[in-house]
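Examining the three-dimensional arrangement
As a plain string of letters, each chain reads:
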Amino acid sequence: MISINKVDVKNKIVLIRVDFNVPLDEEHNVIDDTRIKAALPTIIHVLDNGGACVIISHLGRPKQKEHNFSLFHIKSCLEKNLKRDVIFHDDCIGKKAERLSKKLRPGEVLLLENLRFYPQEVDGNLAFSEKLSKHGEIYVNDAFGAAHRAHASTSTIAQFFKVKCLGLLLKKEISAINKITKKGKPPVLAILGGAKISSKITIIENILDKVDNIIIGGGMAYTFIKANGGNIGDSIFEEEYLEYTREISKKAIKKNVKIFLPIDVVIADRFSNDAIRKLSKINEIPLKWMGLDSGPETLSYFKDVILQSKTILWNGPLGVFEFNNFAEGTVALGRYIMEATKKGSFSLVGGGDSVAAVKKYGFDNKVSYVSTGGGAMLECLEGKTLPGIKALM
Ligand code: AMP
């Protein structure tokens with residue numbers, strides 16, 4: 001697999017699949033342009049080296065052509081970030097779109113309309129991807145957030161190109177994940193939080209071979225505690241995974257991996273930010289009370305492990321951080337990871353809610369890498385080769 005910086009793009013038209021699936025407000029303004037900023041290095045690299053860019057992306061999950069999901073809404077934000085004009089066309093395939101892409105001169109950028117206005121995109125349709133392929137001489141996939149999908153523009157399309165390569169963002173994402181799963185400097189720590197064990201089983205199984213320590217926090221921890229005979233009150237847990245957590249604990253011992261579970265938690269009398277709060281040992285939670293955040297003893301226990309780790313992966317919050325009154329554990333965790341990073345450890349934050357948490361509390365620039373892809377990142381951690389990457393091999 002090669003990346004775009006190893007390819008001669010001079011006087012070439014480069015078709016770049018990006019992930020511009022950004023949130024918009026009611027007036028269609030971009031609320032968070034992180035994904036647009038993340039795609040800039042590849043686009044700028046092509047432009048600075050004498051090429052032109054045709055940019056394709058999806059936005060949301062439209063069933064058909066819908067104004068609310070038009071990539072036209074992204075145009076001005078892209079122009080502002082690129083500091084140059086962008087041509088927009090209201091279709092991603094067709095004769096007119098092709099004429100526009102063929103006419104591009106070095107330094108020009110053409111943004112095409114939302115790929116998902118065609119259901120063939122999600123179906124991975126061959127004929128549709130061939131039509132898309134007409135827009136460029138070189139194909140670049142830089143859409144990490146969509147790389148776990150075998151769609152027309154992320155996977156099927158690659159076969160129509162002699163020159164196909166990784167974008168700089170995709171390259172960076174893969175290298176960050178490899179730092180955890182392939183050559184993590186020991187001790188390697190994975191911190192897994194969030195609501196459910198069921199959604200993280202494959203990750204736990206896969207990383208048992210790659211890490212030295214695992215912290216299990218958030219809602220996931222209660223299934224482990226209950227499986228060990230603890231009283232968890234009304235805390236979230238998954239009955240059908242009780243046995244599984246026992247097996248995982250045994251496997252971890254065999255593989256010499258230490259699992260760290262919370263000791264104390266902040267409990268609430270109902271699932272609400274305004275609930276009454278108390279501290280409790282995690283295995284002595286009274287009936288009708290539920291654990292919604294980590295307690296101080298837990299945090300200091302976790303802090304020690306984090307500060308001793310040289311490589312840290314964080315996926316999933318340590319509590320219901322959406323409620324300010326139960327966000328303390330997640331915020332503290334972010335602070336410890338930040339501290340470890342400052343001391344030279346490599347830290348990767350990825351997968352949905354933990355990314356939201358680091359952004360909400362301003363840690364995003366203080367960890368080594370924040371992944372731009374939720375589902376894609378999780379599938380990498382599960383040990384899968386993503387279709388978008390396989391297609392470039
Ligand atoms: P996930 O998508 O599996 O990473 O889960 C993230 C969600 O887990 C967030 O919305 C948190 O509010 C939720 N969560 C974390 N800790 C708890 C808990 N103790 N009880 C219920 N939900 C939790």
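Residues numbered from 1 in each chain as written. Predicted model: local features only at pLDDT ≥ 70, side-chain atom pairs only at ≥ 80, totals over all residues. Heavy atoms only, no water.

A word on the overall build of the protein chain. Looking only at helices and strands, the protein chain has 14 helices and 17 strands in total. Against the compact-globule benchmark of 21 Å for 393 residues, the protein chain has a radius of gyration of 23 Å, which places it among compact chains. Its C-alpha atoms give the protein chain principal-axis dimensions of roughly 70 × 45 × 40 Å. A fraction of 73% describes how many contacts in the protein chain between residues 6 or more apart in sequence connect residues 24 or more apart. As displayed, the protein chain has an accessible area near 17400 Å², and 49% of this comes from carbon and sulfur atoms. Side chains of the protein chain carry 56 positive and 45 negative charges; the gap between the two charge centres is 6 Å. (Helix = DSSP H or I, 4+ residues; strand = E, 2+ residues; numbered from the N terminus. Rg over C-alpha atoms; globule rule 2.2 N^0.38 Å. Contact = heavy atoms within 4.5 Å. Areas by Shrake-Rupley, 256 points an atom, 1.4 Å probe, with all protein chains shown as cover. Lys, Arg positive; Asp, Glu negative; His and termini not counted. Charge placed at Lys NZ, Arg CZ, Asp CG, Glu CD.)

With 71 residues, the main nonpolar core has Phe-144, Leu-170, Ile-214, Ile-216 and Leu-348 as its most contacted residues. For this core, the leading source of residues is helix H6 (residues 168–181), giving six residues. Each of domain 1 (4–171) and domain 2 (184–381) contributes no fewer than three residues to this core. Once residues lying within four places of it in the same chain are set aside, the contact partners of Leu-348 are Ala-176, Ile-177, Ile-180, Ile-312, Leu-313, Trp-314, Tyr-369, Ser-371 and Met-377. (Core = buried A, V, L, I, M, F, W, Y, C linked by side-chain atoms within 4.5 Å. Buried < 20%, exposed > 50% of the residue type's maximum accessible area, 1.4 Å probe, protein only. Domains from an automatic or database assignment.)

So, about the sheet that holds strand E14 (residues 290–294). In space, the three strands of this open sheet follow the order E12-E11-E14, with antiparallel pairing throughout. This sheet does not close on itself; its edge strands, each paired only once, are strand E12 (277–281) and E14. For this sheet, the mean angle separating the axes of adjacent strands, direction not counted, is 45°. Here strand E11 (residues 264–268) pairs with E12 via five bridges, running antiparallel. Within the sheet, the bridge partner assigned to Asp-264 lies in E12 and is Lys-281. (Pairing = 2+ DSSP bridges. Axes fitted to C-alpha atoms, helices over the stretch in contact; angles between N-to-C directions.)

What follows covers the sheet that holds strand E5 (residues 138–141). Backbone-to-backbone hydrogen bonds pair the strands of a sheet. The strands run either parallel or antiparallel. Spatially, E3-E4-E2-E1-E5-E6 is the arrangement adopted by the six strands of the open sheet, whose pairing is parallel. Looking at strand neighbours, the two that pair on one side only are strand E3 (87–89) and strand E6 (163–166), the edges of this open sheet. With direction set aside, neighbouring strand axes in the sheet form an average angle of 20°. Along the sheet, helix H1 (residues 34–48) contacts strand E1 (13–17), strand E2 (52–56), strand E4 (109–112) and E5; its crossing angle with E2, the most-contacted strand, is approximately 155°.

Attention now goes to the domain arrangement of the protein chain. Split into domains, the protein chain comes out as domain 1 (4–171) and domain 2 (184–381). Here the C-alpha centroids of domain 1 and domain 2 sit 36 Å apart. Contact residues are listed per partner, giving eight residues for domain 1 and ten residues for domain 2. Of the roughly 700 Å² buried where domain 1 meets domain 2, counting both sides, 61% is carbon and sulfur surface. By the criterion of area lost to domain 2, the three top residues of domain 1 are Phe-144, His-148 and Leu-169, representing 66% of everything that side buries. The interface formed by domain 1 and domain 2 includes one salt bridge. Between the two partners, domain 1 and domain 2, sit three residue pairs in polar contact (both at pLDDT 80 or more). Here the side of domain 1 that touches domain 2 takes three residues from H1, the largest share from any one element. (Buried area = accessible area lost by both parts, 1.4 Å probe. Salt bridge = Lys/Arg side-chain N within 4 Å of Asp/Glu carboxyl O. Polar contact = N/O pair within 3.5 Å; in protein donor to acceptor, adjacent residues only side chain to side chain.)

With that out of the way, let us pick up the site of the ligand. Around the ligand sit 15 residues, and of these Ala-195, Lys-200, Gly-291, Glu-322 and Asp-353 come closest. Between the ligand and the protein, one listed contact pairs an oxygen atom with a backbone N or O atom of Ala-195 at 3.0 Å. One of the side-chain nitrogen or oxygen atoms of Glu-322 is found 2.4 Å away from an oxygen atom of the ligand. Here the ligand, which alone exposes 510 Å², has 81% of that area covered by the protein. The class makeup of the residues in the shell around the ligand is six nonpolar, five polar and four charged. (Near = heavy atom within 4 Å. Nonpolar A, V, L, I, M, F, W, Y, C, P; charged D, E, K, R; others polar.)

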